[in-house]
Amino acid sequence: MQIFAETERLILRELLPADEHGMFELDSDPDVHRYLGNKPITTTQQARDMIAYVRQQYVTDGIGRWAVIEKATGEFTGWAGLKFMTETRNGHSNFYDVGYRFIKRYWGKGYATEAAIASVKYGFEVLKLKEMYGMADVDNIASNKALQKAGLKFVEEFEHDGVKHNWYVITRYSK
């Protein structure tokens, strides 16, 4: 099992097949999917498929989202990290996206911000990236704040799948 990053309270490690129950809890919750197109999963097979998809990204792209484990409990809290985006978003393709998603009972603890900061640090220090992007539904206040606290700067508002989103960027030279 590879650990990519650690923070004071979190371990960010590769997603494993054993994470299927946590992934199911995360992605079957309609509240979690409120700003993600309202398409929660309904079976553990879908959770297994998502883990396999991410694990293939590790091979294909050299990066993919990571499981976020709470150090104090050893519990799966959600996922975070970088994803190499080949599909077009806001006129961009082939870019690194900073993202996160957490099980509802872990909301409000600052974990998204903590994981996003660790992800950005990994992108610059390990992958030697020049820039990373992030996006969030304009109405998802917590997600927008987490991206900003991680150092990403608002660029513009754009529409994705008929929903307004905020587009962010951080460059190696951002202050």
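Before reading further, recall that the structure is shown in the block above.
This write-up is about the structure you can find in this document. (Residues numbered from 1 in each chain as written. Predicted model: local features only at pLDDT ≥ 70, side-chain atom pairs only at ≥ 80, totals over all residues. Heavy atoms only, no water.)

**Looking at the pattern of salt bridges**
Working definition: two side chains of opposite charge can pair if their charged atoms are close together. For the structure on display, the rule yields 13 salt bridges. The residue arginine 65 makes a salt bridge to aspartate 97 at a minimum N-O spacing of 2.6 Å. Pair noted here: arginine 65 is in the loop between helix 2 (44-61) and strand 3 (66-70) and aspartate 97 is in strand 5 (residues 95-102), with a separation of 32 residues, a long-range link. Pair check on accessibility: arginine 65 and aspartate 97 agree, each one buried. When the shortest N-O distance is used, the salt bridge between arginine 89 and glutamate 87 registers 3.9 Å. (Salt bridge = Lys/Arg side-chain N within 4 Å of Asp/Glu carboxyl O. Helix = DSSP H or I, 4+ residues; strand = E, 2+ residues; numbered from the N terminus. Buried < 20%, exposed > 50% of the residue type's maximum accessible area, 1.4 Å probe, protein only.)

**Regarding the packing of helix 1 (residues 20-27) against helix 2**
Running from N to C, helix 1 and helix 2 cross one another at 110°; their axes reach a closest spacing of 8 Å. Taken as axis vectors, helix 1 and helix 2 run roughly perpendicular relative to one another. For the pair formed by helix 1 and helix 2, the contact residues are Glu20, Met23 and Phe24 on the first element and Thr44, Ala47, Arg48, Met50 and Ile51 on the second. Grouping the amino acids of the contact of helix 1 with helix 2 by side-chain chemistry returns five nonpolar, one polar and two charged. (Axes fitted to C-alpha atoms, helices over the stretch in contact; angles between N-to-C directions. Parallel < 35°, antiparallel > 145°, perpendicular 65-115°, else oblique. Contact = heavy atoms within 4.5 Å. Nonpolar A, V, L, I, M, F, W, Y, C, P; charged D, E, K, R; others polar.)

Don't take any of this as a statement about function, it's just geometry.
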